[in-house]
Amino acid sequence: VLVELNVAKELNSVQNDAAREKEDFEAAFAKWSKGMRKHTLNRKLHSDWIPQMDPSTGGTYFFNLKTAETTHENPNARVARATEKRQRAKGEANLSERLKRLEVYAHGLEEKHADEMRAFEVAVAREMIETTLGWRRACCFPTYYRANRASVAGGSSRTSTRAASAAASVAPTPPGPV
């Protein structure tokens, strides 16, 4: 029972570790992403891009001098998104590897526990068999019975004579002619 409690506790700990790994990854990635975006957006624009003011909305848009392309999104934000996407894929691969190791560890614990339980069940079964056989020998075949049987089978004639005279004294005598 104690082994089962320890294994259950360890499996619960593994599950908690896996959940914590996921939470830590998300928190760390969000923090990194925020800093990276801030850094990328604060960088100077490439010389092809110039910021312009949209007269209808008052917001900023960007104009590319070479391609005549316009966009409301900061051109550096595209770089930030692409970088974020690549780094997220790498981070998720690392997280997946760590979670797989935890899963393998948990599976190993479950298998080891199952093996220990099988060994325990076999030991208990053997002990029960030995106890049952000992009880049967003690109750069903008492020592006096075995001793008397041994003396009748191959014991001395003195013991056999005593057993025969005891049997004769107990046996009733048949009635004779009157």
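The coordinates are above.
The paragraphs below set out a description of the structure included in this document. What you are looking at is a predicted structure, and each value in this text was computed from that prediction instead of being measured.

Criteria and cut-off values
Residues numbered from 1 in each chain as written. Predicted model: local features only at pLDDT ≥ 70, side-chain atom pairs only at ≥ 80, totals over all residues. Heavy atoms only, no water. Salt bridge = Lys/Arg side-chain N within 4 Å of Asp/Glu carboxyl O. Helix = DSSP H or I, 4+ residues; strand = E, 2+ residues; numbered from the N terminus. Buried < 20%, exposed > 50% of the residue type's maximum accessible area, 1.4 Å probe, protein only. Pairing = 2+ DSSP bridges. Phe/Tyr/Trp six-rings, centres within 6.5 Å; stacked < 30°, edge-to-face > 60°.

Re the pattern of salt bridges
Argument step 1. Considering all chains together, one arrives at 11 salt bridges under this definition.
Argument step 2. In this structure, arginine 98 engages glutamate 21 in a salt bridge whose closest nitrogen and oxygen atoms are separated by 2.6 Å. A residue pair is termed long-range when its members are at least 10 positions apart, and arginine 98 in helix 2 (residues 75-140) and glutamate 21 in helix 1 (residues 2-42) qualify at 77 residues.
Argument step 3. Overall, the relative accessible area of 30% leaves arginine 98 in the partly exposed class.
Argument step 4. Assessed through its relative accessible area of 26%, glutamate 21 is described here as partly exposed.
Argument step 5. One salt bridge in this structure joins aspartate 115 and arginine 118, with 2.6 Å as the shortest N-O distance. Taken as a pair, aspartate 115 and arginine 118 lie in helix 2 at a separation of three residues, close to a single helical turn.
Argument step 6. The class of arginine 118 is partly exposed, set by a relative accessible area of 48%.
Argument step 7. Salt bridges sharing partners connect three or more residues here, namely Glu69, Glu73, Arg78 and Arg81.

Quick word on the sheet that holds strand 2 (residues 60-64)
Argument step 1. What the three strands build is an open sheet, ordered 1-2-3; its pairing is antiparallel. Each edge of the open sheet is held by one strand with a lone partner, namely strand 1 (49-53) and strand 3 (70-71).
Argument step 2. Note that strand 1 and strand 2 share five bridges and pair antiparallel. In the sheet register, proline 51 faces strand 2, and the bridge partner there is phenylalanine 62.

A look at the packing of aromatic side chains
To describe a pair of aromatic rings, you give the distance between the ring centres and the angle between the ring planes.
Argument step 1. If you walk through the whole model with that rule in mind, you get two aromatic pairs.
Argument step 2. Taking the centre distance of 5.9 Å and the plane angle of 25° together, the rings of phenylalanine 25 and phenylalanine 29 count as stacked. Of the two residues, phenylalanine 25 and phenylalanine 29 are both situated in helix 1; the distance of four residues between them amounts to about one turn of the helix.
Argument step 3. Classification of phenylalanine 25 as buried rests on a relative accessible area of 10%.
Argument step 4. Ring centres of phenylalanine 29 and tryptophan 32 lie 5.5 Å apart, and the angle between their planes is 40°; on these two criteria the pair is classed as tilted. Of this pair, phenylalanine 29 and tryptophan 32 are both found in helix 1, three residues apart, which corresponds to roughly one turn of the helix.
Argument step 5. In this structure phenylalanine 29 comes out as buried when scored by relative accessible area, which is 10%.

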